[in-house]
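Spelled out, the chains give:
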Amino acid sequence: MAGLLDQIGLGGGRIVMVNLSSAMGAQFAEKVAEMTGKVRELGPNPLGRLESLPHKKMEVEG
Amino acid sequence: MIIAEQKPLEEIVTLLGDARKALVVGCGTCVTVCLAGGEKEVGILASALRMKSKLDGHPMEVDEVTVQRQCEWEYVDPLGERLGQYDAVLSLACGIGVQAMNERFPDAVTLPGLNTTFLGLPEEQGVWEERCQACGDCILGITGGVCPIARCSKQLLNGPCGGSQNGKCEVDPDTSCAWQLIWDRAVKLGRVEQLLEIQPPKNWSKSRDGGPRKIVREDLRLVEME
């Protein structure tokens, strides 16, 4: 997914996956703080709001 | 099943050129199962194209549709009337589906979004391996169900070669030696004698060497009564 965001031009750094168990509260808070700082550094989403990208999803018979 | 993988986004964007409105068409059969061109992948790619085109400064409208099978007329025909509104159609089917779309709808430009890669199976989740080359003359009956045409790098009919090392192929150490697999299977089945018979050269005219192939089943054809 990070690779796709890079290809789109949004920046793969905007997403990260971390495996944590429910007993790892401190590490969770640490990762969230880390990611929050990273996203702030990257700045606002350059796309703005997705509602401005109209499209249709068709259904076909059969 | 047919295994395929999506082309890089940059290549797809180049193929679409200056199209302002495009339709991404998925296929609900093989490429859905190998996670390359089903409804889910259509949605992801269409979103990616919408976002990228907007970021690149020329927003493209990208609609989505997935049909059950792009390789059969009855499933693609319902698309016909709707294609006229698009500058380009991007097919996420195998090469057969892309050609079916172009053949059925010659006024629309249908482009390939996938690279059709081989006939194979998922060895494990996320790993696909080739198993068949559709050679037209199956020899699995004498090789214990392991195909040396698709799985031996040299397509040997009498193997293994000297490059078989510790059960692996000299071309790629991650690839199992097909002839080692064939031998192990013969030992297990008690059919080693069968492998000692020298196989004659293969008749490749039944494969691609004989040109494009066609099967006609007269018993199945719909013939109009006179």
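None of the values given here were measured: they were computed from a predicted structure. (Residues numbered from 1 in each chain as written. Chains lettered and ligands numbered in written order. Predicted model: local features only at pLDDT ≥ 70, side-chain atom pairs only at ≥ 80, totals over all residues.)

**So, the overall build of chain B**
Then comes step 1: Helix and strand counts for chain B come out as eight helices and seven strands.
Then comes step 2: Taken over C-alpha atoms, the radius of gyration comes to 22 Å for chain B, far larger than the 17 Å a tight globule of 226 residues would show.
Then comes step 3: Taking contacts inside chain B between residues at least 6 apart in sequence as the whole, the part at least 24 apart equals 56%. (Helix = DSSP H or I, 4+ residues; strand = E, 2+ residues; numbered from the N terminus. Rg over C-alpha atoms; globule rule 2.2 N^0.38 Å. Contact = placed C-beta atoms within 7 Å.)

**A word on the environment of B:Gly167**
All names here are of chain B.
Then comes step 1: With respect to the helices and strands, Gly 167 occurs in the loop between helix H6 (148-151) and helix H7 (178-189).
Then comes step 2: By the C-beta count within 10 Å, which is 13 here, Gly 167 ends up partly exposed.
Then comes step 3: In the structure, Gly 167 is positioned 17 residues away from Asp 184 in sequence and 9.9 Å away in space, judged by C-alpha atoms. (Buried ≥ 20, exposed ≤ 12 C-beta atoms within 10 Å, placed from the backbone.)

**Regarding the domain arrangement of chain B**
Interface size is often expressed as the accessible area that is lost when the parts come together.
Then comes step 1: Segmenting chain B into domains produces domain 1 (2-118) and domain 2 (135-210).
Then comes step 2: Computed over C-alpha atoms only, the centres of domain 1 of chain B and domain 2 of chain B are separated by 37 Å. (Domains from an automatic or database assignment.)

**Description of unusual backbone geometry**
Residue and element names in this part refer to chain B.
Then comes step 1: Between Gly 159 and Pro 160 the backbone carries a cis peptide bond, its omega angle lying at 0°.
Then comes step 2: Structurally, Pro 160 is set in the loop between H6 and H7.
Then comes step 3: One non-glycine residue, Ala 134, lies in positive phi territory at about 50°.
Then comes step 4: Within the fold, Ala 134 resides in the loop between strand E7 (127-132) and H6.
Then comes step 5: Its 13 C-beta neighbours within 10 Å are what place Ala 134 among the partly exposed residues.

**What to know about the pairing of strand E4 (residues 88-91) of chain B**
Residue and element names in this part refer to chain B.
Then comes step 1: The alternating pattern of E4 places Ala 88 and Leu 90 and Val 89 and Ser 91 on opposite faces, both of which are buried.
Then comes step 2: With four bridges joining them, strand E2 (residues 21-27) and E4 adopt parallel strand pairing. Within E4, the position partnered with Ala 22 by the bridge is Ala 88.
Then comes step 3: Bridge count for E4 against strand E5 (residues 110-112) is three bridges, and the pairing is parallel. The partner of Ser 91 across the bridge, within E5, is Pro 112. (Pairing = 2+ DSSP bridges.)

**What to know about the interface of chain B and chain A**
Then comes step 1: Contacts between chain B and chain A engage 22 residues on the former and 16 residues on the latter.
Then comes step 2: For the side of chain B that touches chain A, the elements supplying multiple residues, two or more each, are helix H1 (9-16), helix H3 (39-55), strand E3 (61-67) and helix H4 (73-76) of chain B.

**Details of the sheet that holds strand E1 (residues 2-6) of chain B**
Across a sheet, strands are paired by hydrogen bonds formed along the backbone, either parallel or antiparallel in direction.
Residues and elements named next belong to chain B.
Then comes step 1: Read across the sheet, three strands follow the order E1-E6-E7 without closing on themselves; strand pairing throughout is antiparallel. In the strand order of this sheet, the two ends are held by E1 and E7, each with one partner. For this sheet the average axis-to-axis angle between neighbouring strands, irrespective of direction, equals 70°.
Then comes step 2: Across five bridges, E1 lies against strand E6 (residues 114-124) in antiparallel orientation. Residue pairing across strands places Ile 2 opposite Leu 119, the latter belonging to E6. (Axes fitted to C-alpha atoms, helices over the stretch in contact; angles between N-to-C directions.)

**Notes on helix H5 (residues 95-104) of chain B**
Then comes step 1: Among the residues of H5(B), those classed as buried are B:Gly97, B:Val98, B:Ala100 and B:Met101. All buried residues of H5(B) lie within an arc of 160° about the axis, which places them on one face of the element. (Arc of directions from axis to C-beta.)

**As for the confidence of the model for chain B**
Then comes step 1: Mean pLDDT over chain B: 95, with 99% of residues reaching 70 or higher.
Then comes step 2: We note a pTM of 0.89 for the whole complex and an ipTM of 0.78 for its interfaces. (pLDDT = per-residue confidence, 0-100.)

**Regarding the sheet that holds E2(B)**
Residue and element names in this part refer to chain B.
Then comes step 1: Reading across from one edge, E3-E2-E4-E5 is the order of the four strands in this open sheet, with parallel pairing throughout. Since the sheet does not close on itself, it has two edges, and those belong to E3 and E5, each with one partner. Between one strand axis and the next, the sheet turns through 25° on average, direction left out of account.
Then comes step 2: Where E2 lies against E3, seven bridges are found, and the strand directions are parallel.

**A closer look at H3(B)**
The α-helix winds at 3.6 residues per turn, so residues separated by three or four positions along the chain end up facing the same way.
Then comes step 1: With 17 residues, H3(B) extends 24 Å between its outermost C-alpha atoms, agreeing within 8% with the 24 Å of an ideal straight helix rising 1.5 Å per residue.
Then comes step 2: All buried positions along H3(B) are accounted for by B:Glu41, B:Val42, B:Leu45, B:Ala46, B:Ala48, B:Leu49, B:Arg50, B:Met51, B:Lys52 and B:Ser53.
Then comes step 3: Buried residues belonging to H3(B) abut helix H1 (2-8) of chain A together with E1, H1, E2 and E3 of chain B.
Then comes step 4: Directly beyond the C-terminal end of H3(B), a positive phi value near 95° is found at B:Gly57. (Expected span 1.5 Å × (residues − 1).)

**What to know about the nonpolar core**
Residues and elements named next belong to chain B.
Then comes step 1: The biggest cluster of nonpolar side chains holds 43 residues, and the ones touching the most others in it are Ala 22, Val 24, Val 25, Val 31, Leu 90 and Leu 92.
Then comes step 2: Examining the composition of this core, we find that six residues originate from one element, H3, more than from any other.
Then comes step 3: The residues touching Val 24, leaving out its near neighbours within four places in the chain, are Val 42, Leu 45, Ala 46, Val 62, Glu 64, Leu 90 and Leu 92. (Core = buried A, V, L, I, M, F, W, Y, C linked by C-beta atoms within 7 Å.)

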